[in-house]
Amino acid sequence: MVFIRVTISGVSKDYRTVWMKGNSVFMINQPMIPHKFEVVEFECYRDTARAISEMVVRGAGAIGAAGGYALAQAALEAPDDGFLEFVREAEQVINGTRPTAQDLFYATHRVMESVCEVEDVNGARKAAVDEAQRIADENVHAGEMIGKYGVDLIRDKMRVLTHCNAGWLAFVDWGSAIAPVYAAKRCGRNVFVYVDETRPRCQGARLTAWELCNEGVNHAVIADNASGYYMRKGNVDIVIVGADRVACNGDVANKVGTYEKAVLAHENGIPFYVAAPVSTFDLSCRSGDDIPIEERCEDEVLSMFGWSSELSRMVNVRVAPEGSHALNPAFDVTPAKYIKGIITDAGIVKADKKAIGKLF
Ligand code: MRU
């Protein structure tokens, strides 16, 4: 397995995006990337849940692993008396953090089931931690498999366009949309990536670009509204994005702006692929209309967050007039008809009900 390799002052070390040791959950502090690399520790489930909603950890796969760990922390914190009630309440708190990311509910459901299967409280605590670790390990494996299945879509000298961050930092390792790029690079193929900056939180400009620098992949960050320009010029060979939730008819919720990339790709005859593990599929959603879309606070749109070299710290800079308000949907839905295929950890499938049904 290949883990996130970060080189600081000439020293290389491998990391996962999120992990648990003892009673604590550790995360790479994503809002500080690319300006500062630091790991933060959360000692109780409520703090881990807050870190998920404040996007210290983000990206569906990483959110899922963090949510599973948070529930395992709750099982460790719960009193012997009223153990199950405490863990059930914690599950509600954790599930309330990021409403669109299906992997969150997938993970907390699995940890909850493992708790309920064991009668004695200490056995249930151990089962919760073991299950959360298994979910994180499976997420790493899923990313690696997505890389294997997707690698042949990327031939030498291809130019890939991606939106948001669906790489290492969006998973426990490897990623989804970017995993085939990493796999192609490791096969010696020359790949170029157009990285949408992804306003308002700039996951593309900050996180995907940082990952690609670390992996030595050629890339350029482009303004979100520049992708149509490059597609129409014939400079983009394939679009690959991740997913926060896939409905059973193949509609996909992903970072806001994905839908317009899909329509533009369709208009310009460019294949548009989604990469997502089976854990991101939600068969209870008949179509994208059933997927809840998270609305985040307006400040994310009204201002920009970045590094001040003068102050040597992150600062918030207001962009819009004081009197303006903003709307901030975090995701949008891309209809299945625009998706050429979904690269899963079980192979590439068509974005339709029949093909998706066969995965389960
Ligand atoms: O709001 P975020 O940063 O959690 O959104 C992330 C995305 O939309 C990713 O593209 C998505 O999670 C797919 S990668 C696992």
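Residues numbered from 1 in each chain as written. Predicted model: local features only at pLDDT ≥ 70, side-chain atom pairs only at ≥ 80, totals over all residues. Heavy atoms only, no water.

K.L.:
Please clarify how the site of the ligand should be interpreted in this entry.
P.N.:
Lining the immediate environment of the ligand, one finds 20 residues, of which Arg98, Gln203, Asp244, Asn254 and Lys255 sit closest. A distance of 2.9 Å separates an oxygen atom of the ligand from a polar atom in the backbone of glycine 59. A distance of 2.7 Å separates an oxygen atom of the ligand from a polar side-chain atom of asparagine 254. About the coverage of the ligand: the protein hides 99% of its 410 Å² of free accessible area. Listing elements by their share of the shell around the ligand, those giving two or more residues are α2 (60-77) and β11 (252-255). With three residues, the top contributor of residues to the shell around the ligand is α2. For the shell around the ligand, the residue count by class is nine nonpolar, seven polar and four charged. Both domains that furnish three or more residues to the shell around the ligand are identified here as domain 1 (4-144) and domain 2 (154-359). (Near = heavy atom within 4 Å. Polar contact = N/O pair within 3.5 Å; in protein donor to acceptor, adjacent residues only side chain to side chain. Areas by Shrake-Rupley, 256 points an atom, 1.4 Å probe, with all protein chains shown as cover. Helix = DSSP H or I, 4+ residues; strand = E, 2+ residues; numbered from the N terminus. Nonpolar A, V, L, I, M, F, W, Y, C, P; charged D, E, K, R; others polar. Domains from an automatic or database assignment.)

K.L.:
Explain the packing of aromatic side chains to me, please; I cannot follow it from the model alone.
P.N.:
Ring pairs (aromatic) are described by centroid distance and by the angle formed between their planes. All told, the structure shown has 12 aromatic pairs when counted by the stated rule. Between the aromatic rings of phenylalanine 37 and tryptophan 210, the centroid separation amounts to 6.2 Å while the plane-to-plane angle is 15°, which identifies the pairing as stacked. With phenylalanine 37 in the loop between β4 (24-28) and β5 (39-42) and tryptophan 210 in helix α7 (residues 203-215), this residue pair connects regions lying 173 residues apart in the sequence. The exposure classification of phenylalanine 37 matches that of tryptophan 210, with both residues buried. Through a chain of ring-to-ring contacts, three or more aromatic side chains come together here, namely Tyr15, Trp19, Phe26, Phe37, Trp168, Tyr182 and Trp210. For arginine 186, the ring lying beneath its charged end belongs to tryptophan 174, and the centroid distance is 5.1 Å. Above the plane of the ring of phenylalanine 331 lies lysine 255, whose end atom (NZ or CZ) is 4.4 Å from the centre. (Phe/Tyr/Trp six-rings, centres within 6.5 Å; stacked < 30°, edge-to-face > 60°. Buried < 20%, exposed > 50% of the residue type's maximum accessible area, 1.4 Å probe, protein only. Lys NZ or Arg CZ within 6 Å of the ring centre and 35° of its normal.)

K.L.:
What am I meant to see in the domain arrangement of the protein chain here?
P.N.:
Size of an interface: often given as the accessible area lost when the parts come together. By the assigned domains, the protein chain splits into domain 1 (4-144) and domain 2 (154-359). Here domain 1 and domain 2 have C-alpha centroids that lie 23 Å from each other. Counting the surface lost from both domain 1 and domain 2, the interface buries some 3200 Å², and carbon and sulfur atoms represent 59% of this. Viewed at the interface, domain 2 and domain 1 are joined by one salt bridge. One salt bridge in this structure joins arginine 98 and glutamate 294, with 2.7 Å as the shortest N-O distance. (Buried area = accessible area lost by both parts, 1.4 Å probe. Salt bridge = Lys/Arg side-chain N within 4 Å of Asp/Glu carboxyl O.)

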